[in-house]
Amino acid sequence: MRFGMPWPGRDVGREAEQAGAGAFCAGEFADHDAYLTVADIVANTERALAGPAIAYAFARTPYAHATALRHLHAQAPDRLFLGLGSAAFRINRDWLGVPADRPVDRIAETVGAVRAWLHAENGERVRHSGEFHSLDADVRAPVLGRLDIPVLLAAFNTRMARTAGRVADGVIGHGLFTDSWWNDVVRPSVARGAEGGAEGTRPLEHGWIITAVDDAAPERAVADARRMIAFYLTVKTYDPYVAHHGWEEPVGRLRAAFRSGDTDGMARAVTDEMVTEIALCGTTADAKDALARRAGSLPRDVGYFAPPSFLVSPRRRAAYARAALALIGAVPDRP
């Protein structure tokens, strides 16, 4: 597999590529735009894959997603991928002001509409007809030409994973994914969705891996990983995952602590088992041992060493990113 990380900025990013990082991804939130970050990645790297993981699917039209990729392709041909995520119900409704119902159906059709623009040849009309998107564009300029940029969907639960297998080129796994969730839930669901697809192909797997390594202060690194796990598990969408692992009791405690604003209590509710199953944290030796032990819980194609972000300063995130570079050779890199 190929290891990378969420874009850590130009200085650390260049150092990471020289150390062997093979991919960088861009997230999205109210204070940072996925495609602007990808532009920074391709301008400051030479070989690594680059793309959103994820961009909010419904924050832009299919045209806007595809146009951004065409613009970036001119700088980084054959290095791009597109990761789309449906975003939370409240983000769509309250932040973006777009319909928030039926996110799985909407994102499935969005993939087709984005591909209509990406696969369009010069002189051909760009056409897509669906329930949510209708395109019939006659672009009277030689600016198109087919781009086969992989499209992946962020998929946590079974229905979205099946949809990723059916309509996309692969899946982007969450930082909470464990060996059991990958192997018992996500991979079988993706495979069911991909049934009947091209023979000899396998859906791509990208995924985030919560990574906090600090040889000088390993206890703080573990605490940061615990807080990140706790913050993620406040989301009720992940209840099937919680039930699958039998973690209802600690998750109930961490959610109660979250409601009262007790961030230390949130971290204390995360059990040692949860940390072992989910994160790479502690010393470099601890993280290397965890990588060797957790081969089945790693995405098969690209794994992103993702520093915790909840209540972690940018300076410490950069330090975690640099420390993660020592892990790149711990698992053999495969093209």
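Above this note sits the structure.
In short, a report on the structure. (Residues numbered from 1 in each chain as written. Predicted model: local features only at pLDDT ≥ 70, side-chain atom pairs only at ≥ 80, totals over all residues. Heavy atoms only, no water.)

### Overview of helix α10 (residues 248-259)
- For α10, which comprises twelve residues, the first-to-last C-alpha distance of 16 Å matches the rise-based estimate of 16 Å (1.5 Å per residue) to within 8%.
- All buried positions along α10 are accounted for by P250, V251, L254, R255 and A257. Looking straight down α10, one finds that the buried residues subtend no more than 160° of arc, so they occupy a single side. For α10, the exposed residues set more than 90 degrees away from the buried face come down to E249 and R259.
- Residues of α10 that are buried in the fold lie against α8 (218-232), α9 (239-245), α11 (263-269) and α12 (272-278). (Helix = DSSP H or I, 4+ residues; strand = E, 2+ residues; numbered from the N terminus. Expected span 1.5 Å × (residues − 1). Buried < 20%, exposed > 50% of the residue type's maximum accessible area, 1.4 Å probe, protein only. Arc of directions from axis to C-beta. Contact = heavy atoms within 4.5 Å.)

### Structural notes on the packing of helix α3 (residues 62-73) against helix α5 (residues 103-118)
- Look at α3 against α5: their axes get within 8 Å of each other, and the N-to-C directions meet at 45°. Relative to α5, α3 is oriented oblique. For the pair α3 and α5, the crossing hand works out as right-handed. Of the residues in α5, those in contact with P62, Y63, H65, A66, L69 and R70 of α3 are A113, V114, W117 and L118.
- A breakdown of the residues in the contact of α3 with α5 according to their chemical character gives eight nonpolar, one polar and one charged. (Axes fitted to C-alpha atoms, helices over the stretch in contact; angles between N-to-C directions. Parallel < 35°, antiparallel > 145°, perpendicular 65-115°, else oblique. Left-handed = near helix turned anticlockwise from the far one by under 90°. Nonpolar A, V, L, I, M, F, W, Y, C, P; charged D, E, K, R; others polar.)

### Focus on the environment of L280
- By the secondary structure assignment, L280 is in strand β11 (residues 280-282).
- Take L280: its relative accessible area is 0%, and that puts it in the buried class.
- With 70 residues separating them along the chain, L280 and I210 place their C-alpha atoms 6.2 Å apart.

### Here's the deal with the pairing of strand β7 (residues 134-137)
- Side chains L135 and A137 of β7 all project onto a buried face; the interleaved residues S134 and D136 project onto a face where none is buried.
- Sheet topology places strand β6 (residues 126-129) next to β7; four bridges connect them, and they run antiparallel. Across the sheet, the residue bridging to H128 is L135, located in β7. (Pairing = 2+ DSSP bridges.)

### Details of the pattern of salt bridges
- Following the criterion strictly, the structure yields 26 salt bridges and no others.
- The partner of R93 in a salt bridge is D94, with the nearest N and O atoms 2.6 Å apart.
- Judged by relative accessible area, which is 43%, R93 ranks as partly exposed.
- Overall, D94 belongs to the partly exposed group, its relative accessible area being 47%. (Salt bridge = Lys/Arg side-chain N within 4 Å of Asp/Glu carboxyl O.)

### Observations regarding the packing of aromatic side chains
- Overall, the coordinates contain 13 aromatic pairs when judged by the stated rule.
- Look at F231 and F310: their rings are 4.4 Å apart centre to centre, the planes differ by 15°, and that puts the pair in the stacked class. One end of the pair, F231, is in helix α8; the other, F310, is in the loop between β12 (302-306) and α14 (314-324), and 79 residues separate them in sequence.
- With relative accessibility at 32%, the residue F231 sits in the partly exposed group.
- In textbook terms, an aromatic cluster arises when at least three aromatic residues are bridged by ring pairs, as seen for F156, F177, W181, W182, Y238, Y241 and W247. (Phe/Tyr/Trp six-rings, centres within 6.5 Å; stacked < 30°, edge-to-face > 60°.)

### Things to note about unusual backbone geometry
- Of the consecutive residues A53 and I54, the connecting peptide bond is found in the cis state with omega at 25°.
- As for its position among the elements, I54 is in the loop between β3 (49-52) and β4 (55-56).
- A positive phi is found at R102, a non-glycine position, where the angle reads about 50°.
- Tracing the sequence through the fold places R102 in the loop between α4 (89-96) and α5.

### Focus on the pairing of strand β8 (residues 151-154)
- Examined bridge by bridge, strand β5 (residues 82-85) and β8 share three bridges and lie parallel to one another. Paired with G83 across the bridge in β8 is L152.
- Of the strand pairs in this sheet, β8 and strand β9 (residues 170-173) are connected by three bridges, and their pairing is parallel. Within the sheet, the bridge partner assigned to L153 lies in β9 and is V171.

Coordinates in, geometry out; function isn't part of it.
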